[in-house]
Amino acid sequence: MQKDFVDGALGTKEAALIVPKVVGKIKNFDGEIIVTYDTHYDNYMETSEGKNLPVPHCIKGTEGWQLDKNVTCALSDREYTAVEKPTFGSLELPRLIEASADGDDFSIEIIGLCTDICVVSNALVLKANFPEIPISVDSACCAGVTPQAHEAALATMRSCQIDVI
């Protein structure tokens, strides 16, 4: 829910429209929250991602790297873990979740942007690491690069036995 994905360099009207739902989800969620930050640097255009998506975004330290102000406000009363990730999916997420669970049963719910890039990547990384753990994606709290890409990503996740709610 970084500014560049909501109303910045890669923002869309669909992304802006889910912000109130995301805020409500954060305020009412009864569980541990992990926030991922897409994190790039000044050399972004020289990276593989930059060559394929030549739009500088989420450059660490810039306003676009920060969370949307409404999301920041919702998180201000909550404890959460922040994870910087250099590309679409985070390989650190499974380790953090497993350590946090400490052997207890758990489930995972994913929300955020962009459904067809980071959300689906993280959902599949988590499903591969936790094939027997319930994993869901709240589609009302996600938006894709386009509405069509959002729907295609949701279909992919359903095919991989991720519960789309």
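Please refer to the structure higher up on the page.
First, a word on scope: everything that follows refers to the structure included in this document. Quick caveat: nothing in here was measured; it's all calculated off a predicted structure.

Within the protein, the regular secondary structure consists of seven helices and five strands. Counting from the amino terminus, helix and strand elements in the protein follow one another as α-α-β-α-α-β-α-β-α-β-α-β. In summary, the protein has a C-alpha radius of gyration of 15 Å against a globular reference of 15 Å for 165 residues, a match within 12%. Projecting the C-alpha coordinates of the protein onto the three principal axes gives extents of approximately 40 × 35 × 30 Å. Burial analysis of the protein (165 residues in total) assigns 43% to the buried set. Long-range contacts, defined as pairs at least 24 residues apart, comprise 73% of the intrachain contacts of the protein with a sequence gap of at least 6. Of the roughly 8900 Å² of accessible surface on the protein, 52% is carried by carbon and sulfur atoms. A gap of 5 Å separates the mean positions of the 13 positive and 25 negative side-chain charges of the protein.

In this model, L113 is joined to C114 through a cis peptide bond whose omega is -15°. Assignment of secondary structure puts C114 in the loop between strand 3 (108-113) and helix 6 (115-129). Of note in this structure, C58 is not a glycine but carries a positive phi near 50°. Tracing the backbone through its elements, the reader meets C58 in the loop between helix 3 (48-52) and helix 4 (69-75). In the Ramachandran plot, D102 falls in the positive-phi region, its phi being about 50° despite a non-glycine side chain. Structurally, the position occupied by D102 is in the loop between helix 5 (92-101) and strand 3. Overall, the relative accessible area of 64% leaves D102 in the exposed class.

Our next topic: the packing of helix 6 against helix 7 (residues 147-159). In helix packing, the relevant descriptors are the interaxial angle and the interaxial distance, both defined with respect to the helix axes. One way to put it is that helix 6 packs onto helix 7 with a least axis distance of 9 Å and a crossing angle of 15°. As summarised for this structure, helix 6 and helix 7 are arranged roughly parallel, according to the angle between their axes. The crossing of helix 6 and helix 7 is right-handed. Judged by residue contacts, T115, D116, V119, V120 and A123 of helix 6 engage A149, H150, A153, L154, T156 and M157 from helix 7. Here the contact of helix 6 with helix 7 is composed, by residue class, of seven nonpolar, three polar and one charged.

Here we take up the sheet that holds strand 3. Pairing in this open sheet of three strands is parallel, and the strands run 3-4-5 from one edge to the other. Only two strands of the sheet have a single partner each, and these edge strands are strand 3 and strand 5 (163-164). Pairing analysis gives two bridges linking strand 4 (residues 135-143) to strand 5, with the strands arranged parallel. Considered in strand 5, the bridge of V137 is made with V164. Sitting on the sheet, helix 6 touches strand 3 and strand 4, and the angle it makes with strand 3 is about 160°. Packed on one face of the sheet, helix 7 meets strand 4 and strand 5 and runs near 175° to strand 4.

A separate point is helix 7. With 13 residues, helix 7 should cover 18 Å at 1.5 Å per step; its first-to-last C-alpha distance of 19 Å lies within 8% of that length. For helix 7, the set of buried residues is A149, H150, A153, L154 and M157. All buried residues of helix 7 fall inside an arc of 140° around its axis, so they share one side. Opposite the packed face of helix 7, turned more than 90 degrees from it, sit the exposed residues Q148 and S159. In this structure, the buried residues of helix 7 make contact with helix 6, strand 4 and strand 5. Of the residues trailing helix 7, Q161 is marked for its positive phi of about 65°.

So, how was this worked out
Residues numbered from 1 in each chain as written. Predicted model: local features only at pLDDT ≥ 70, side-chain atom pairs only at ≥ 80, totals over all residues. Heavy atoms only, no water. Helix = DSSP H or I, 4+ residues; strand = E, 2+ residues; numbered from the N terminus. Rg over C-alpha atoms; globule rule 2.2 N^0.38 Å. Buried < 20%, exposed > 50% of the residue type's maximum accessible area, 1.4 Å probe, protein only. Contact = heavy atoms within 4.5 Å. Areas by Shrake-Rupley, 256 points an atom, 1.4 Å probe, with all protein chains shown as cover. Lys, Arg positive; Asp, Glu negative; His and termini not counted. Charge placed at Lys NZ, Arg CZ, Asp CG, Glu CD. Axes fitted to C-alpha atoms, helices over the stretch in contact; angles between N-to-C directions. Parallel < 35°, antiparallel > 145°, perpendicular 65-115°, else oblique. Left-handed = near helix turned anticlockwise from the far one by under 90°. Nonpolar A, V, L, I, M, F, W, Y, C, P; charged D, E, K, R; others polar. Pairing = 2+ DSSP bridges. Expected span 1.5 Å × (residues − 1). Arc of directions from axis to C-beta.

Worth remembering: the numbers are spatial, not functional.
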